[in-house]
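Topology and contacts: notes
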Amino acid sequence: GAHGGARTALVIGGGMGGMATAGRLARAGYAVTILEKNAGIGGRCQSRTVETPHGDFRFDTGPSLLLMRQKYEEAFEALGMDLPTELRKVDPAYRVFFGDGDALDLKYDVNEMSKQLDDVEPGAGLAYLEWLAKARAMFQIGGGIIENDMKSLQAMADPSIAAPLLAKVPPWQIVLP
């Protein structure tokens, strides 16, 4: 065939997950093609530079936080590589600027963050703490979903994977803000 008899694979999406999958497939001997709708690969891990009269400014267009660092390390390790950069914690994790000139920093200290949110809107700090607790529960219970290959609809509906999550978190809370 066009690839000298090699098995072929088509990966839809050139984000981090798509590239990690394509790399693993290529390492396993597949001839891989990645289809990406955007002009460049990287998914949410991209930035744009805007030239202004005051200088050039770089804006991250994707995630402001790197979650599950160990998954990135595992992906690079599966490709026989180390992470190509040193990851350092920055504080604040990010800063949001509002049109009126106010700013809000994402703090690592949960108590500081909660107080800051309460200063913006009374009760928001408690809502933040409740959200964190729910997110932690979903992450801990949902690990089976993250850690398992979902090769079919039947696999996605496997009660041993889905039931513990759905018993603690109603489905609409998983998909709705």
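A few points on the structure. (Residues numbered from 1 in each chain as written. Predicted model: local features only at pLDDT ≥ 70, side-chain atom pairs only at ≥ 80, totals over all residues. Heavy atoms only, no water.)

**A word on the pairing of strand E2 (residues 31-35)**
Relative to E2, strand E1 (residues 8-12) is paired through five bridges, and the arrangement is parallel. When the sheet's bridge partners are listed, Ile 12 is paired in E2 with Leu 35. Note that the unit made of E1, helix H1 (residues 16-27) and E2 has a crossover that is right-handed. (Pairing = 2+ DSSP bridges. Helix = DSSP H or I, 4+ residues; strand = E, 2+ residues; numbered from the N terminus. Right-handed = clockwise from strand over helix to strand, strands pointing away.)

**Some remarks on the packing of H1 against helix H2 (residues 69-78)**
Across the interface, H1 lies against H2 with an axial gap of 9 Å and an inter-helix angle of 25°. As judged from the angle between their axes, H1 and H2 are roughly parallel. In terms of crossing hand, the pair formed by H1 and H2 is left-handed. On the side of H1, the interface is formed by Met 16, Ala 20, Arg 24 and Arg 27, while H2 contributes Tyr 72, Glu 74, Ala 75 and Ala 78. Classifying every residue of the contact of H1 with H2 by side-chain character gives five nonpolar, no polar and three charged. (Axes fitted to C-alpha atoms, helices over the stretch in contact; angles between N-to-C directions. Parallel < 35°, antiparallel > 145°, perpendicular 65-115°, else oblique. Left-handed = near helix turned anticlockwise from the far one by under 90°. Contact = heavy atoms within 4.5 Å. Nonpolar A, V, L, I, M, F, W, Y, C, P; charged D, E, K, R; others polar.)

**Describing the side chain of Asp 105**
Mapping Asp 105 onto the fold places it in strand E6 (residues 103-106). Within polar-contact distance, the side chain of Asp 105 engages the side chain of Arg 95 at 2.5 Å. (Polar contact = N/O pair within 3.5 Å; in protein donor to acceptor, adjacent residues only side chain to side chain.)

**A closer look at the pairing of E6**
Note: strand E5 (residues 94-97) against E6, four bridges, orientation antiparallel. Bridge pairing in E6 places Tyr 94 opposite Leu 106. Turn length for the E5-E6 hairpin, with the two strands adjacent in sequence and antiparallel, is five residues, and the turn residue Gly 101 shows positive phi of about 95°.

**Brief notes about H1**
Between its terminal C-alpha atoms H1 stretches 16 Å, which fits the 16 Å expected from twelve residues at 1.5 Å a residue. Listed as buried for H1 are Gly 18, Ala 20, Ala 22 and Gly 23. Residues of H1 that are buried in the fold lie against E1, E2 and H2. Phi turns positive, to about 100°, at Gly 29, one or two residues after H1. (Expected span 1.5 Å × (residues − 1). Buried < 20%, exposed > 50% of the residue type's maximum accessible area, 1.4 Å probe, protein only.)

**Considerations on the side chain of Ser 114**
Turning to its location among the elements, Ser 114 is positioned in helix H3 (residues 110-120). When sequence neighbours within four positions are dropped, the list of residues in contact with Ser 114 reads Gly 125, Leu 126, Tyr 128 and Leu 129.

**Thoughts on the environment of Gly 15**
Locating Gly 15 in the fold gives a position in the loop between E1 and H1. Given a relative accessible area of 17%, Gly 15 falls into the buried group. The sequence separation of Gly 15 and Glu 36 amounts to 21 residues, and the corresponding C-alpha distance is 8.2 Å. In contact with Gly 15, other than residues within four places in its own chain, are Glu 36, Gly 42 and Gly 43.

From the geometry alone we can't say anything about function, so treat these as descriptive.
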